[in-house]
Amino acid sequence: MADSNNNSQLSGMAMSAMTEGKNIYVLKASCKGAIGTVSRITTYLAQRNCYIMELAQFDEIATGNFYVRCVFSSTPGVTPPLDVLREEFGNGVAELDKMEWEIHDTLTSPKVLIMVSKFDHCLDDLLYRQRTGEIKMEIPAIVSNHSDLKRLADWHEIPFYHLPVTPETKQEQERQVLDLVEDTGADLIVLARYMQILSPNLCEELAGRAINIHHSFLPGFKGAKPYHQAFDRGVKLIGATAHYVTTDLDEGPIIEQVVERVDHTYSPTQLAAVGRDAENMALSRAVRYHLEHRVFPNGNKTVIFR
């Protein structure tokens, strides 16, 4: 019997054979629930010789909202180009069902601008996952209010922008950040332990496309040395939360959470190490979910098709 790794390789080879020469697209849409919506989507794709590879949907009873994510492939020489698919879908199914919708080409690598301070674990983890292809993204810039991590950026040959910030220069520094976002064409901004509170203006400018990570304890410990506070209270769980940035500090829509069990034998240093691992995992998952178009905003919450 083949082992799981061989099975994965065979599955990957089979998928490559199935999709060779084809374009793979992701359709994500939301609207009020109605009879026939899924049928209209699948019929539209079938009529254009598109093969549905994956389909996930969710109805939220409380609001009546409907969410759908569909991965489909084109038929070379038959399926219309992406711009035509978008135009026809927008003027047809989307207009009829009053959808908020997007169609993305998976061959395009999204651009991710990463912001950091002095802690390197989340940045290092994201760079590794990008380098190995686990997360498909282009990183056009790394921005920091300190110069400590420049060597790491240089090693990866990624432009590093040192933008110091003080209370007096905060407004100008954030303007420079927005200029970089525009100049690089960044699709997503990741605060990989960027230890600065963003102004309400910057939060609004980056709404829906900025992800933050922070430690998550029960009870919550704020201020300096949270892991020492956790040790003093004898916590049994260490966690991390990745969420979209909003004007309400650390209260944006949650994308991913990770928890790890600990006990009385853990020192503050060991608790911090567990916390770093949890932060890496929560942030990398959140970034991947966003870039793979699996996340749907739902008020103060999110719908995520994993």
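Residues numbered from 1 in each chain as written. Predicted model: local features only at pLDDT ≥ 70, side-chain atom pairs only at ≥ 80, totals over all residues. Heavy atoms only, no water.

**Digging into the overall build of the chain**
Helix and strand counts for the chain come out as 9 helices and 13 strands. Its C-alpha radius of gyration of 22 Å places the chain within 12% of the 19 Å reference for a compact globule of 306 residues. On the principal axes, the C-alpha backbone points of the chain span a range of 60 × 55 × 45 Å. Burial status across the chain gives 45% buried among its 306 residues. (Helix = DSSP H or I, 4+ residues; strand = E, 2+ residues; numbered from the N terminus. Rg over C-alpha atoms; globule rule 2.2 N^0.38 Å. Buried < 20%, exposed > 50% of the residue type's maximum accessible area, 1.4 Å probe, protein only.)

**Section: the sheet that holds strand β2 (residues 51-60)**
Taken in spatial order, the 4 strands of this open sheet run β2-β3-β1-β4, and their pairing is antiparallel. Each end of this open sheet is capped by a strand with a single partner; those strands are β2 and β4 (100-105). Sheet twist, expressed as the mean angle between neighbouring strand axes with direction ignored, is 10 degrees. In the sheet, strand β1 (residues 24-32) pairs with strand β3 (residues 65-73) via 9 bridges, with the strands oriented antiparallel. Along β3, the bridge assignment pairs V26 with V71. With respect to the sheet, helix α3 (residues 82-97) is in contact with β1, β3 and β4, its orientation differing from that of β4 by roughly 160 degrees. (Pairing = 2+ DSSP bridges. Axes fitted to C-alpha atoms, helices over the stretch in contact; angles between N-to-C directions. Contact = heavy atoms within 4.5 Å.)

**Re the packing of helix α8 (residues 226-233) against helix α9 (residues 268-291)**
Close contact between α8 and α9 brings their axes to 9 Å; oriented N to C, the two are set at 120 degrees. As the angle between them shows, α8 and α9 are arranged oblique. The two elements α8 and α9 cross, and the hand of that crossing is right-handed. Only P268, L271, A272, G275, R276 and E279 of α9 make contact with α8, whose side of the interface consists of Y227, H228, A230 and F231. Of the residues contributing to the contact of α8 with α9, the split by class is 6 nonpolar, 2 polar and 2 charged. (Parallel < 35°, antiparallel > 145°, perpendicular 65-115°, else oblique. Left-handed = near helix turned anticlockwise from the far one by under 90°. Nonpolar A, V, L, I, M, F, W, Y, C, P; charged D, E, K, R; others polar.)

**Looking at the pattern of salt bridges**
One pass over the structure, following the stated rule, counts 16 salt bridges. In this structure, D179 and R175 form a salt bridge, with 2.4 Å as the shortest nitrogen-oxygen distance. Of this pair, D179 and R175 both sit in helix α6 (residues 170-184), 4 residues apart, which is roughly one turn of the helix. A network of salt bridges, in which partner residues are shared, links E54, R69, R288, E292 and R294. (Salt bridge = Lys/Arg side-chain N within 4 Å of Asp/Glu carboxyl O.)

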